[in-house]
Each structure stands twice: as C-alpha cells, then as structure tokens.
Amino acid sequence: MTTTPLAVEAVGLVKTFGQNRAVDGVDLRVEAGTVYGVLGPNGAGKTTTISMLATLLRPDAGEARVFGHDVRREPQEVRRLIGVTGQYASVDETLSATENLVVFARLLGLSRAESKRKSTELLERFGLTEAANRPLRAFSGGMRRRLDLAASLIAQPPLIFLDEPTTGLDPRTRAQMWDTIRELVTTGSTVLLTTQYLDEADQLADRIAVIDHGRVVAEGTSDELKASIGTASLQLRLTDPLRVDAARSLVRTALGVEAVASPEGARLTAPMTDPDRVTDLLVSFRDAGISLAEMSVQKPTLDEVFLTITGSPTADAADTTDRELEGSHA
C-alpha cells in the first residue's frame, strides 16, 4: 500500500515568549499536494507556528520536519524547499514590480537573463504586466499581495506558507488569490494556509486544523468538522400552518426525534440523525394529506463549528457584528 508523503510533520511544537506560551504542543500532518488550512482567531498561535516550520523561529520544544528534513538540524535544506508569504508585503516601495522581482531572483542565484525572464512570467501570471514598471507606492493593497506571492514563487518551491494572504483584500481580489492558490496545487505545490476567514478555509483547504490558545483543538476535513458538532437538520415548510401539530407527531413517529416549530407555525426543524428514514416521513405526510411548500437539509456551518470549539466568533462573524453595531449607532 502506498502512502502519500508528508510535506509537513510537526509533533508537540512549543514556543514561549516570556510568560506567554504562544504555541503549546501543536501537532500537524500535511500531505504533499494538498491545501492545509490553519484556522484561528488573532493571537491563537498561527503565525508563530508557521514561523517555526519556516525556520524563522526556533522551537522551544517538539519536532518538525519539512519533506523529511528537520527544521532545527537542517534549516538550509528546509529553506530550499519552501516559499513564505507573510501578512505584509516584503517589497521595496521605491522599486518597480519588475525591479523587485529581479532583485529577489538575483538573491536566489538566478542569472540576470533568467531573473528578467522569470519576473516577466510571474507578472503575467498574477495579472500585473500593465503595472510592471510602476513604482510600488502606486500599487493597491491587492496588487501588493499578488506581487508578494509572486516573489515567493520565484524558486518554485514545493511547499508554500501563506500567512493570512487575503487579509484586507476586497472580495474580487480575494477570489483572484483563491484561484491562484488552487493553481499552485494543480501545478505540484503544497500550500499551508493560515486564515481567520471561514469561507476561505471552506473553499480552499483539503484539511483544516483549528488552533486556539496555542493548541490544535480540532482537525479534519470541512465536512468532518461540521459533523463533529452535530447532525444536519431537516427544514420543512407546511402549506397549511394549522397542520403543524399533526406534522410534529408524524416526525416523532417516523424519525424518532422532536421537531421544533417556528413562531408563525408554518416551519418545522428536526435533527436528521438517519437520512434513510426521511422517505418514510414523506410517505406518512402524503398519507395524512399534509403537503409541503418547501423542504431542505441544513448542515452545520464552519462558523458554528468555530464558535462551538473556541467559544469566540471568527473574523467573518466579528466583522458582521461590527457592521451591525456601526449601523445601529448611525
């Protein structure tokens, strides 16, 4: 039986700053050729974990390997295998996009001609060709992030660390970044992505680790994490609200669960522990002459997973709450 090689394997990673245990025993297993999402609120330990895996910080305890190379004993080997894009663009304001990329390429040992060729290719790939000779101070936030990602790909590393790559970007630019990240994986790279955004993890990640207070508190695919906090629910809207009591009785008999009625009485919500029994329920509704205007199945959201596991909302939910509060004071 063949096993997928691991791009990252971390066991018991610890990093302490004074009295603050920023990372408190993190374990990660990232398969090659996948997008692995590390999800958590600000201050959870995501960036510190990435910094240790990328050899930028030395772990106080635990072990980590990148494609089998120990991050402490073989940092130079690890650095040859990775590209890192942080939360803030590591570029020179006074240089043009082309000049920035050429400088990075030359630092990585490429010839002058190869550096120019690679820069042109990456600017085209990231939709920056028209701005190639423009000074960076004239770039938008989204353009800077794309340039920073382009710089991390000059050496075409097999493992790319993306630390909150879409923070502060508008929805259109975020979608463009998502397409680029998907393309990186299809062309052979592995991506380890930290994010505060649930939709980002849901859209991109093959597996997700939820980090809170320096620990991995949950790990799995998006569907596994959603299933871990409860089953899907069956949503029913009756054509005749006066039949709600009869409908609840049939749900109790067919599904073995209690249905909750909405205040107006026309809607019922019931936990769906056994999807196969829903057919029996529909047959009993038909036999009793109860007609449905609407039926749907609602899965738990990653938002609910995050709130259940960490006790705090994610950036998505917090942003929504902030906007609502601002609206109420307007």
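Every residue gets a number counted from 1 within its own chain, in the order that chain's sequence is written. Residue-level local features of this predicted model are given only where pLDDT is at least 70; pairs of side-chain atoms are given and counted only at 80 or more, and the full residue set underlies all totals for whole chains, interfaces and linings. The side-chain values count all of the structure's non-hydrogen atoms but skip hydrogen atoms and water molecules.

Q: Is there a simple way to explain the overall build of the chain in this structure?
A: Looking only at helices and strands, one finds 12 helices and 14 strands in the chain. On the principal axes, the C-alpha backbone points of the chain span a range of 80 × 50 × 45 Å. Think of it in three bands: with a 1.4 Å probe and only protein chains considered, a residue is buried below 20% of the maximum accessible area for its type, exposed above 50%, and partly exposed in between. By the burial criterion, 45% of the 330 residues in the chain qualify as buried. The contact criterion used throughout is that any non-hydrogen atoms of two residues lie within 4.5 Å. Long-range pairs, those at least 24 residues apart, make up 67% of the contacts in the chain between residues at least 6 apart in sequence. Total accessible area on the chain is roughly 16700 Å²; 50% of this is exposed by carbon and sulfur atoms. Charge counting treats Lys and Arg as positive and Asp and Glu as negative, with His and both chain ends excluded. For charged residues, the charge sits on one atom: NZ in Lys, CZ in Arg, CG in Asp, CD in Glu. The centroid of the 36 positive side-chain charges in the chain is displaced by 5 Å from the centroid of its 46 negative side-chain charges. Each helix corresponds to a stretch of at least 4 residues labelled H or I by DSSP, and each strand to a stretch of at least 2 residues labelled E; elements are numbered beginning at the N terminus. Throughout, the Shrake-Rupley method with a 1.4 Å probe supplies accessible areas, and for residues the shown protein chains are the sole cover considered.

Q: When you look at the environment of M295 in this model, what are you seeing that I'm missing?
A: Of note, M295 is situated in strand β14 (residues 292-298). Take M295: its relative accessible area is 41%, and that puts it in the partly exposed class. Each C-alpha atom of the pair M295 and R237 lies 6.4 Å from the other, and the pair is 58 residues apart in sequence. In this structure M295 touches L234, Q235, L236 and L282, once residues within four positions along its chain are discounted.

Q: Help me out: how do you make sense of the pattern of salt bridges in this one?
A: Where charged atoms from two side chains of opposite charge come close, those side chains can pair. Any Lys or Arg side-chain nitrogen found within 4 Å of a carboxyl oxygen on Asp or Glu counts as a salt bridge. Evaluated as defined, the whole model comprises 24 salt bridges. When the shortest N-O distance is used, the salt bridge between E63 and R65 registers 3.5 Å. Taking the relative accessible area as the measure of exposure, E63 reaches 43% and is therefore partly exposed. Classification of R65 by relative accessible area gives partly exposed; the value is 29%. One salt bridge connects E183 with R125, and the closest N-O pair in it is separated by 3.3 Å. Here E183, found in helix α6 (residues 171-186), pairs with R125, found in helix α4 (residues 112-125); they are 58 residues apart in sequence, far enough to count as distant. Looking at E183, the relative accessible area reads 34%, which means it is partly exposed. Overall, the relative accessible area of 30% leaves R125 in the partly exposed class.

Q: Please explain the layout of surface pockets as it appears in this structure.
A: The gaps left among the atoms become clear once a water-sized probe is rolled over them. When its volume is computed, the largest pocket comes out at roughly 460 Å³. What lines the largest pocket is a set of 17 residues, among which I82, G83, V84, L108 and S152 lie closest to the centre. When contributions to the lining of the largest pocket are tallied by element, the ones reaching two or more residues are α2 (75-81), β6 (82-85), α3 (97-107) and α5 (141-152). Residues are grouped as follows: Ala, Val, Leu, Ile, Met, Phe, Trp, Tyr, Cys and Pro are nonpolar; Asp, Glu, Lys and Arg are charged; every other residue, Gly included, is polar. Here the residues of the lining of the largest pocket sort into 10 nonpolar, 4 polar and 3 charged. Using protein atoms alone on a 1 Å grid, points that fit a 1.4 Å probe yet trap it form a cavity, whereas open point sets bounded by protein on both sides within 12 Å along at least five of seven lines form a pocket; residues with an atom within 4 Å of a point count as lining. Grid points are joined across faces, edges and corners, and a volume is the space filled by probe spheres set on the points.

Q: In this structure, what is going on with the sheet that holds strand β5 (residues 69-70)? I would like to understand it.
A: Sheet strands pair via backbone hydrogen bonds, and the direction of the pair is either parallel or antiparallel. Taking strand neighbours across the sheet as the criterion, the 4 strands line up as β2-β1-β4-β5 in an open arrangement whose pairing is antiparallel. Of all the strands in the sheet, just β2 (20-31) and β5 have a single pairing partner and so form its edges. In this sheet, β2 lies alongside strand β1 (residues 6-17) in antiparallel orientation, the contact comprising 9 bridges. The residue of β2 that forms the bridge with K15 is V23. DSSP-based pairing: two strands are paired if at least 2 bridges between them are found.

Q: I keep staring at the environment of E99 and nothing clicks. Help me out?
A: Structurally, the position occupied by E99 is in helix α3. Placed 35 residues apart in sequence, E99 and R134 show a C-alpha to C-alpha distance of 9.9 Å.

Q: I'm lost on helix α10 (residues 278-288) in this one. Help?
A: Residue pairs three or four apart in sequence face the same way in an α-helix, which turns once every 3.6 residues. Within α10, burial applies to V278, L281, S284 and F285. On an axial view of α10, the arc spanned by its buried residues comes to 120°, and they lie on one face. Opposite the buried face of α10, by more than 90 degrees, sit the exposed residues R286 and D287. Buried residues belonging to α10 abut β11 (233-238), α9 (244-255) and β14. Phi for G289, located one or two positions after α10, is positive at around 75°. What the arc describes is the spread of directions from the helix axis to the C-beta atoms.

Q: What is the right way to look at α3 in this model?
A: For α3, the complete set of buried residues consists of A97, T98, N100, L101 and A105. One side of α3 holds all its buried residues, which, seen down the axis, span an arc of 165°. Where α3 terminates, the next one or two residues include G109, which has phi positive at roughly 95°.

Q: Looking at this structure, how should I read unusual backbone geometry?
A: Unusually for a residue other than glycine, T55 sits at a positive phi of about 65°. A relative accessible area of 13% places T55 in the buried class. The phi dihedral of F67 is positive, around 50°, even though this residue is not glycine. Tracing the chain through its elements places F67 in the loop between β4 (61-66) and β5.

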